[in-house]
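Architecture and fold: a report
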Protein chains: 4
Amino acid sequence: MIENGLYPENSKLPSESELSHMRGISRMTLRQALLLLQEDRYIVMRLGSGSYVSKVPSEKRAGLEKKTNPVYTSSQYGSNGLDPRKERQR
Amino acid sequence: MIENGLYPENSKLPSESELSHMRGISRMTLRQALLLLQEDRYIVMRLGSGSYVSKVPSEKRAGLEKKTNPVYTSSQYGSNGLDPRKERQR
Amino acid sequence: MIENGLYPENSKLPSESELSHMRGISRMTLRQALLLLQEDRYIVMRLGSGSYVSKVPSEKRAGLEKKTNPVYTSSQYGSNGLDPRKERQR
Amino acid sequence: MIENGLYPENSKLPSESELSHMRGISRMTLRQALLLLQEDRYIVMRLGSGSYVSKVPSEKRAGLEKKTNPVYTSSQYGSNGLDPRKERQR
DNA sequence: GTGGTCTAGACCACT
DNA sequence: GTGGTCTAGACCACC
């Protein structure tokens, strides 16, 4: 979603609670993802404030720089950042 | 800071607002710390007036007296009491 | 609400988030109330689990036992525990 | 300032601290004024949130309705709401 | 202008 | 998804 330009540099991400609901995953799983992003310096998590984009990875230069925690996806989500799987049965 | 002699007995501490800015934390968090210090009788908070040092803990005699709310620090701040982390990101 | 029998002994209270919405107050304020109740041993707050009633104060015997943190109310709420003031202005 | 359209209906007034500095008066004096305005239903003071304009008095109809707490001024302030007396010696 | 309290909302640590 | 803590900023009661 950051690569897709949905969240520009220095912008504030939705809250952990919102993001986890958007993707249909638990907060624990979402936090693990955020912590990996922070480890790679893509975001900064500020206690009591929110998570902020600190660097937008360049899709074009993929391969020139090594990502410590690469993302393996079989598909990309739309620009609204919503997980289509969310409309699943409960 | 009291142990370091920065604020002697019966002296007036900076206001809660000042102290919170000095340490780079919110006033609510600073107040929780002051309330713990007051619980241990190190300071007295006077409504509408300020906070005052009522007892200076002796570092040397550490262990002879029991602190209800001990402080766990990995480092000590300078004599100006300023938090070097204050230059935090935005 | 505990005195009114809404939450019997050993029962689980609604979450802090729910209770704060029910009463139309912020979660921080609700927590201060819960902490006072816990101090007086009426409830137990279990991290990651919830708050539980540990003792039901007897209204009838009021005066025979001393409450450290008494409640001063000008009125009582209904059995649903909802605050009529909740429809506040914005 | 409300009559001059500086603060429209449902808008949020500056904080008590800001307003008192703007007019060069103490917060106590400013609060007395706000409380009078609230008594006349011109504003609503929401604890922990701020003061909000609830009704804009009509200058044109002055006299048709009775103000409980009328304002007696010898002059009007500019649209910026700043008190010219503020630039006084200290 | 101080300490005291409240709002609204976030991340953190835990079950 | 809970309680625990923190942020940022407001009004309240008081000196």
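The rules behind each value
Residues numbered from 1 in each chain as written. Chains lettered and ligands numbered in written order. Predicted model: local features only at pLDDT ≥ 70, side-chain atom pairs only at ≥ 80, totals over all residues. Heavy atoms only, no water. Pairing = 2+ DSSP bridges. Helix = DSSP H or I, 4+ residues; strand = E, 2+ residues; numbered from the N terminus. Buried < 20%, exposed > 50% of the residue type's maximum accessible area, 1.4 Å probe, protein only. Arc of directions from axis to C-beta. Contact = heavy atoms within 4.5 Å. Near = heavy atom within 4 Å. Polar contact = N/O pair within 3.5 Å; in protein donor to acceptor, adjacent residues only side chain to side chain. Nonpolar A, V, L, I, M, F, W, Y, C, P; charged D, E, K, R; others polar.

In the annotation of an unreviewed UniProt entry, chain A is listed under the name HTH gntR-type domain-containing protein and assigned to Brevibacillus agri.

In this section: the pairing of strand E1 (residues 43-46) of chain D. All names here are of chain D. Where E1 lies against strand E2 (residues 50-53), four bridges are found, and the strand directions are antiparallel. Residue pairing in the sheet places Val 44 in a bridge with Tyr 52 of E2. Two successive antiparallel strands, E1 and E2, enclose a turn made up of three residues, where Gly 48 displays a positive phi of approximately 75°.

This part covers helix H1 (residues 16-23) of chain D. Residue and element names in this part refer to chain D. Taken together, the buried positions of H1 are Glu 16, Leu 19, Ser 20, Met 22 and Arg 23. The buried residues of H1 all sit within an arc of 160° when viewed along its axis, so they share a single face. Contacts from the buried residues of H1 go to helix H2 (27-39) and E1. Looking one or two residues past H1, Gly 24 carries a phi angle of roughly 70°, positive in sign.

For the rest of this paragraph, the subject is the protein's contact with DNA strand E. If you check the shell around DNA strand E, you find 38 residues, and the closest are Arg 31 of chain A, Arg 27 and Arg 31 of chain B together with Ser 26 and Thr 29 of chain C. For DNA strand E, the backbone portion of the atoms within 4 Å of the protein, that is sugar and phosphate, comes to 68%. Within the backbone of Ser 51 of chain A, an N or O atom sits 3.5 Å from a phosphate oxygen of DNA strand E. Within the side chain of Arg 27 of chain C, a nitrogen or oxygen atom sits 3.4 Å from a base nitrogen of DNA strand E. Examining the composition of the surface near DNA strand E, we find that four residues originate from one element, helix H2 (residues 27-39) of chain C, more than from any other. Classifying every residue of the surface near DNA strand E by side-chain character gives ten nonpolar, 16 polar and twelve charged.

A few words now on the protein's contact with DNA strand F. Around DNA strand F, a shell composed of 39 residues is seen, among which Ser 26 and Thr 29 of chain B, Arg 27 and Arg 31 of chain C together with Arg 31 of chain D lie nearest. Measuring from a phosphate oxygen of DNA strand F, one finds a side-chain N or O atom of Thr 29 of chain B at 2.6 Å. The side chain of Gln 32 of chain B places a nitrogen or oxygen atom 3.4 Å from a phosphate oxygen of DNA strand F. Counting residues per element, the surface near DNA strand F draws most heavily on helix H2 (residues 27-39) of chain B, at four residues. Across the surface near DNA strand F, the residue classes tally to eleven nonpolar, 15 polar and 13 charged.

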